[in-house]
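# Results of the structural survey
Given next are the chains, with one letter for each unit.
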Amino acid sequence: MRLILLLVVLFSYQANSQTAQGARSLGLANSTVAAQGIWSLNDNQAGLANIKRISLALDYQKFLIGQPVAMNGMLLAIPYKNQVFGLTFSTYGFEVYRSQKMGLAYARNFGAKLFTALTFYYHSLAISQYGNSGTYSVDAGFQYQLNPTVRIASHIGNLSNSTFQKDNLFANLPLKIQFGALYQTSELVSLSMMLEETLAKNAQLNLGLEYHIAPILALRGGVSSSPFRQYAGFGLAKADFKLDLALASQQVLGYTSQISLAYDF
Amino acid sequence: MIFKRIVAAILVLLISSTVNTYAQSDLDPEINQIIESLDRNSDVELDYSELIDRLMVYKSHPLNLNSASVDELKNLWFLTPLQINSIRSHIQENGPFLDALELQAVPNLDIQSVKLLLPFVSVGSPKPFNDLNFKKLVLGHHDFLIRYEQLLQKQVGYSDSESGFTGTPQHIVVRYRYQYNQHLSGALNLEKDPGETLFRNRVGLFDFGSGHLFLKDYGIFKKIVIGDYDLQFGQGLTLWSGLAFGKSALLTSIAKSAVGLKPYSSLNEGLFFRGIASTLVWKNFQITPFYSNRKLDASLSANGEVTSISTSGLHRTPTELSNRRNLNQVMFGAAIQYSMKSLTLGITSYYTQFSRRFDPGLDPYNQFDFQGQQLTSIGLNYQYPFRNSYIFGEFAKGSGDDLASVNGIISSLSPKLSVALLYRAIPANYSSFYNSVFAESSTGVNERGFYSGISLKPNSKWEWSVYTDVFQFPWLKYGVDAPSRGHELAVKLNYKPSKHVELIGQYRIKYKEENETGENTFNDVIETKHQRFRLDLAYDITKDIRARNRYELVKYQTENAHLVYQDISYQPLQSRFSGNVRFAVFNIPSYDSRIYAFQNDVLFSNSILAYQNQGMQFYVNARYRFTRALNLWLHYEIQSYANRESIGSGTTQIAGNKRSEVKLQLRYQF
């Protein structure tokens, strides 16, 4: 029954926007439009602009435990002076529905106050018995450090409003506009929030809380308004490695789990 | 020696001039503000006088921060357990407070909480002063209050001689308090509800009487109560009688602060025990044995079995009178509490025996309700303040039931941010007549839910809190013919730019499943959406005049309801006269979209009213102080409805579209 529900969800008019944002982002209810680091590469790419070292990250997400749908992602960021180049490759789906995404991002920071980015993606989608198709899309975003504790951000996904269209296969890629902020309430606690508007869908408000209970351990929790979901996760940071785990729950459908690993060279 | 006598005499003079300060703070804005912030939504008219009373006692006899015990601090029930623990830790680590303003240095006590707390605490002289206080007083302190209320229109029940009200429309309340010294006190409450008779073939003039004798700190006995009392232990899962509060944007309401044995002096006719109870202290143990033998009002089925218990206390009609005190309940047991360094463990166990069998009925939703004549309940509770967190919980089980549990944590992650989490799982077959759990449904039974909330105070002007609650009901409920689920999201923002202005905005959205209404052979369970938006503005017009505005919008499915009101209060410091008025306009299409609001009233009579239908409301309260010992209150209220020929239904129906009420109250203290 759940599988049928899942397929209905997947085959709907709009192709899915599952992006490898990392388990840290999932633990914070994906409200990380104002966050910075390697995971911004699939989120708000402007967050890449503050990276100082070459970073590599891997991501794996299992949707609705018990179902075959999964996502894999690989991310690489290379800084050069005030600029950062990002490269990402991810796949999503299962046997009958497969989508792949490749991205190239260019981010730049201006005086550590303003961060901007422009990203090009190539998407391909293959649905069994419907054929396959490919398309390009563009993302743009910026972040601004208002004061030492607050950073605001804005991001547009699929600026070009690209779609898949070939023979029998027709699907839209979602066009998203996101506004958000990150508030560092104290050294150990930060609050992130994001308002997201997707074309032809309800606006969504996401809230995330991160607490560094110890230097190596961070606890996370979040909630999103529509669809109403709750999120929890934690992260371990040791040497140059960062390991994150997260769980998202939806009242009727169940749990989604994600694990990601990042390494700074 | 003579010098000491002179000092003593001067002190007595000073004391006796301040002893009758009970009367000073009645329409007390600070206390009113605290009661209102409880945000309680209930259909039952509750008596908050006990809560108000407690705060007023501390207002006139502030609690000494340095010598107050945990139980005494718990009496300031708006303090969270985390805050109480922080105050005591502060004293342990830094020594006694030199000034009450030092409270600002206590972690977990933000500016707002300190401001709320200051009127009730002091950093006083050491205990011997208090002993002097009471020993030299004239024998005891008496507090006598009488209140008269009446609805000016005639309710249908008074015209119906067969099944209507048997009594007169006056509502009369008599309250008496006696304080002999710091060890002995007593109280007596009498009430005649409107519709009840004063003269009948029974013992006593009034329909409801309640009283107690309270001994405090008598050697090994910390408390002894003979008469009416309340018991509150743990998180309210096993045994909790008296008022308690559920969900609100106040994170403090998550963890309950149980005070154990408490003498009862309210007018709520159902929520107490009658008998004898005491609390003994021995080393790290606190043992509270109790015994109660009460008569309750029960509706009976054809073969004399109990179908439901009534706690309204109304005995007006022949049916209500026939149900009056027709069920005997005997209850006894004990609660043992053990305190280690920070961890407190408690076990509560009691046995209840009824004189009649309970037979809830054959409806599917009743399947797990209590049946039989006796009930054994046992529970285990714990509280553990740990660094910046407070962990608490309770497990309970009735004989034959599954295990019920409530567990939670309140954490102060930073001076500005607090988080609260609570998980409750109470099976449908859990039976308890005296429990009060943090839950979505009123009893908490047949519910599983997870609550998470955060509260952010970036500076002294702003406060922002958000919470979500996800819940499910594993079995059927009344009005819901299938297991159901729901969730709730709420946001609250407080802005206080100065001492004189405060703005509060709240938004809440709740999804719940209910039976579809309509003439169908099969009613499906559908999801209903309930939204509430409220804006409050409070500001000082002058030093003595304060105004408060509220704008509230409720949207239930497609129905829109709104309430707007303007309050103005006049509280001059030195005057004999003070008062307040309200003017409200409301438009509420149905019972589902009803709006609750706090009502200012004569002292101890404050209530929360559910506005319905379309119309306006005006009320005025006035207090006149003849002397410090003698006070008079007056309340006049009129509600005028549009497009209606009658108000209410059943025996309380009134003809016409106006409803007006008058109250008169006199208090004498000596």
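Residues numbered from 1 in each chain as written. Chains lettered and ligands numbered in written order. Predicted model: local features only at pLDDT ≥ 70, side-chain atom pairs only at ≥ 80, totals over all residues. Heavy atoms only, no water.

## Re the overall build of chain B
Counting secondary structure elements, chain B contains eight helices and 32 strands. Taking all 670 residues of chain B together, 51% fall into the buried category. Pairs at least 24 residues apart make up 60% of the contacts formed inside chain B by residues separated by at least 6 positions. (Helix = DSSP H or I, 4+ residues; strand = E, 2+ residues; numbered from the N terminus. Buried < 20%, exposed > 50% of the residue type's maximum accessible area, 1.4 Å probe, protein only. Contact = heavy atoms within 4.5 Å.)

## Examining the overall build of chain A
Regarding its fold elements, chain A presents two helices and 16 strands. Oriented by its inertia axes, the alpha-carbon framework of chain A measures out at about 50 × 35 × 35 Å. Counting only residues that meet the buried cut, chain A has 51% of its 265 residues in that class. The contacts of chain A with a sequence gap of at least 6 include a subset with a gap of at least 24, amounting to 45%. Surface exposure of chain A reaches about 12300 Å², of which carbon and sulfur atoms provide 64%. Of the charged side chains in chain A, 18 are positive and 12 negative; the average position of the first set lies 3 Å away from that of the second. (Areas by Shrake-Rupley, 256 points an atom, 1.4 Å probe, with all protein chains shown as cover. Lys, Arg positive; Asp, Glu negative; His and termini not counted. Charge placed at Lys NZ, Arg CZ, Asp CG, Glu CD.)

## With respect to the interface of chain A and chain B
Taken together, the contacts link 14 residues of chain A with 20 residues of chain B. Of the roughly 1500 Å² buried at the junction of chain A and chain B (both faces included), carbon and sulfur atoms supply 71%. Of all residues in chain A, F228, Q230 and Q251 of chain A bury the most surface against chain B, accounting for 37% of the area lost on that side. Scanning the region where chain A abuts chain B turns up zero salt bridges. Linking chain A with chain B are two residue pairs in polar contact (both at pLDDT 80 or more), by the criterion used here. Among the elements of the structure, β11 (189-198) and β12 (204-214) of chain A are those that each provide at least two residues to the side of chain A that touches chain B. Of the residues contributing to the side of chain A that touches chain B, the split by class is nine nonpolar, five polar and no charged. (Buried area = accessible area lost by both parts, 1.4 Å probe. Salt bridge = Lys/Arg side-chain N within 4 Å of Asp/Glu carboxyl O. Polar contact = N/O pair within 3.5 Å; in protein donor to acceptor, adjacent residues only side chain to side chain. Nonpolar A, V, L, I, M, F, W, Y, C, P; charged D, E, K, R; others polar.)

## Considerations on helix α5 (residues 81-94) of chain B
Residues and elements named next belong to chain B. Helix length check: α5 (14 residues) gives 20 Å between terminal C-alpha atoms against 20 Å at 1.5 Å per residue, within 8%. Residues of α5 that are buried make contact with α4 (70-74), α6 (111-117), β15 (389-398) and β16 (404-414). Backbone geometry just after α5 places G95 at a positive phi near 90°. (Expected span 1.5 Å × (residues − 1).)

## Digging into the environment of G157 of chain B
Along the chain, the position of G157 of chain B falls in the loop between β3 (141-151) and β4 (171-179). In the structure, G157 of chain B is positioned 496 residues away from Q653 of chain B in sequence and 7.6 Å away in space, judged by C-alpha atoms.

## Observations regarding the pairing of strand β12 (residues 327-339) of chain B
All names here are of chain B. By the bridge criterion, twelve bridges tie strand β10 (residues 285-300) to β12 in an arrangement that is antiparallel. Looking at β12, one finds that P289 is bridged to A334. In the sheet, β12 pairs with strand β13 (residues 344-358) via eleven bridges, with the strands oriented antiparallel. When the sheet's bridge partners are listed, F332 is paired in β13 with Y351. (Pairing = 2+ DSSP bridges.)

## Section: the packing of aromatic side chains
Residues and elements named next belong to chain B. Under the defined criterion, the tally for this structure stands at 36 aromatic pairs over all chains. In textbook terms, an aromatic cluster arises when at least three aromatic residues are bridged by ring pairs, as seen for F354, F358, F370 and F433. In this structure, R582 is placed above the aromatic ring of Y565, and the distance from its NZ or CZ to the ring centre is 3.7 Å. (Phe/Tyr/Trp six-rings, centres within 6.5 Å; stacked < 30°, edge-to-face > 60°. Lys NZ or Arg CZ within 6 Å of the ring centre and 35° of its normal.)

## Quick word on the pairing of strand β15 (residues 241-250) of chain A
Residues and elements named next belong to chain A. Looking at chain direction, strand β14 (residues 229-238) and β15 are connected through ten bridges and run antiparallel. Bridge pairing links A237 to K242 in β15. From the end of β14 to the start of β15, which pair antiparallel, there are two residues, and A239 there has a positive phi angle of about 50°. Here β15 runs beside strand β16 (residues 254-264); their pairing, made up of ten bridges, is antiparallel. When the sheet's bridge partners are listed, F241 is paired in β16 with Y263. Two successive antiparallel strands, β15 and β16, enclose a turn made up of three residues.

## Let's talk about a nonpolar patch on the surface
All names here are of chain B. Taken together, the side chains of F144, I146, Y570, F577, Y624, F626, L666, Y668 and F670 present a nonpolar region at the surface, about 790 Å² in accessible area. Secondary-structure elements contributing two or more residues to the nonpolar patch are β3 and β32 (658-669). Mapped onto the secondary structure, Y570 falls in strand β24 (residues 559-570). Relative accessible area serves as the criterion here: at 32%, Y570 is assigned to the partly exposed category. (Patch = residues over 30% accessible without salt bridge, like charges linked within 9 Å, V, L, I, M, F, W, Y side chains within 5 Å.)

## Considering the pattern of salt bridges
Going through the model one piece at a time under the given rule, you end up with 27 salt bridges over all chains. Close ionic contact of E210 of chain A with R220 of chain A constitutes a salt bridge, the shortest N to O distance being 2.7 Å. Residue E210 of chain A is found in strand β12, and its partner R220 of chain A is found in strand β13 (residues 217-224); the two are separated by ten residues along the sequence. When its relative accessible area of 5% is taken as the criterion, E210 of chain A is described as buried. Salt bridges sharing partners connect three or more residues here, namely R532, R534, D536, R550 and E552 of chain B.

## Some points on the environment of I654 of chain B
All names here are of chain B. Looking at the secondary structure, you find I654 in strand β31 (residues 654-655). A relative accessible area of 3% means that I654 is categorised as buried. For the pair formed by I654 and K154, sequence separation is 500 residues and the distance between their alpha carbons is 6.2 Å. Excluding anything up to four places from it in sequence, I654 contacts L151, Q153, K154, Q155, S646, I647 and R659.

## With respect to the confidence of the model for chain A
All names here are of chain A. Averaged over all residues, the pLDDT of chain A is 87; the fraction at 70 or higher stands at 93%. Mean pLDDT across the secondary structure elements of chain A bottoms out at helix α1 (residues 2-11), with 47, and peaks at β13, with 95. With pLDDT under 50 throughout, residues 3-14 is counted as low confidence; its partners more than four residues away or in other chains account for 24 contacts. (pLDDT = per-residue confidence, 0-100.)

## Structural notes on the nonpolar core
All names here are of chain B. In this structure, L76, I87, L103, L109 and L117 are the most contacted members of the largest nonpolar core, which totals 35 residues. Of all the secondary-structure elements, those providing two or more residues to this core are α3 (49-60), α5, α6 and β26 (595-599). The greatest single-element share of this core, amounting to five residues, is contributed by α3. In contact with L117, not counting residues within four places along its chain, are L76, F78, L79, I87, L103 and L109. Judged by nonpolar contacts, the second largest core, of 22 residues, contains A298, L327, F354 and L375. (Core = buried A, V, L, I, M, F, W, Y, C linked by side-chain atoms within 4.5 Å.)

## Digging into α3 of chain B
Residues and elements named next belong to chain B. Counted at 1.5 Å a residue, the expected span for α3 with its twelve residues is 16 Å, and the 16 Å between its end C-alpha atoms agrees. Of all twelve residues in α3, ten are buried; the element is thus mostly enclosed. The complete set of buried residues in α3 reads S49, E50, L51, I52, D53, R54, L55, M56, Y58 and S60.

## A few points about unusual backbone geometry
Residues and elements named next belong to chain A. With an omega dihedral of 5°, the bond running from S226 to P227 counts as a cis peptide bond. Counting through the fold element by element, P227 comes out in the loop between β13 and β14. A positive phi angle is found at N30, which is not glycine, with a value near 55°. Here the phi dihedral of A239 falls at roughly 50°; this positive angle occurs in a residue that is not glycine. Its place among the elements puts A239 in the loop between β14 and β15. A relative accessible area of 74% places A239 in the exposed class.

## Observations concerning the confidence of the model for chain B
Residue and element names in this part refer to chain B. When pLDDT is averaged along chain B, the result is 84, and 88% of the positions lie at 70 or above. Contacts of residues 11-27 to residues separated by more than four positions or lying in other chains number 39 contacts, the stretch itself having pLDDT below 50. Across residues 126-137, where pLDDT falls below 50, the model places ten contacts with residues more than four positions away in sequence or in other chains. Across the predicted assembly, pTM comes out at 0.85 and ipTM at 0.84.

## Description of the side chain of Q83 of chain A
Residues and elements named next belong to chain A. With respect to the secondary-structure elements, Q83 resides in strand β3 (residues 83-94). For Q83, the side chain forms a polar contact with the side chain of Y106, separated by 2.7 Å. Beyond its immediate stretch of four places on either side in the chain, Q83 contacts I78, Y106, A107 and R108.

## Concerning the environment of V223 of chain A
Mapping V223 of chain A onto the fold places it in strand β13. In sequence terms V223 of chain A and G47 of chain A are 176 residues apart; their C-alpha atoms lie 22 Å from each other. Beyond its immediate stretch of four places on either side in the chain, V223 of chain A contacts A29, L205, N206, L207, F228, R229, Q230 and Y231 of chain A together with T468 of chain B.

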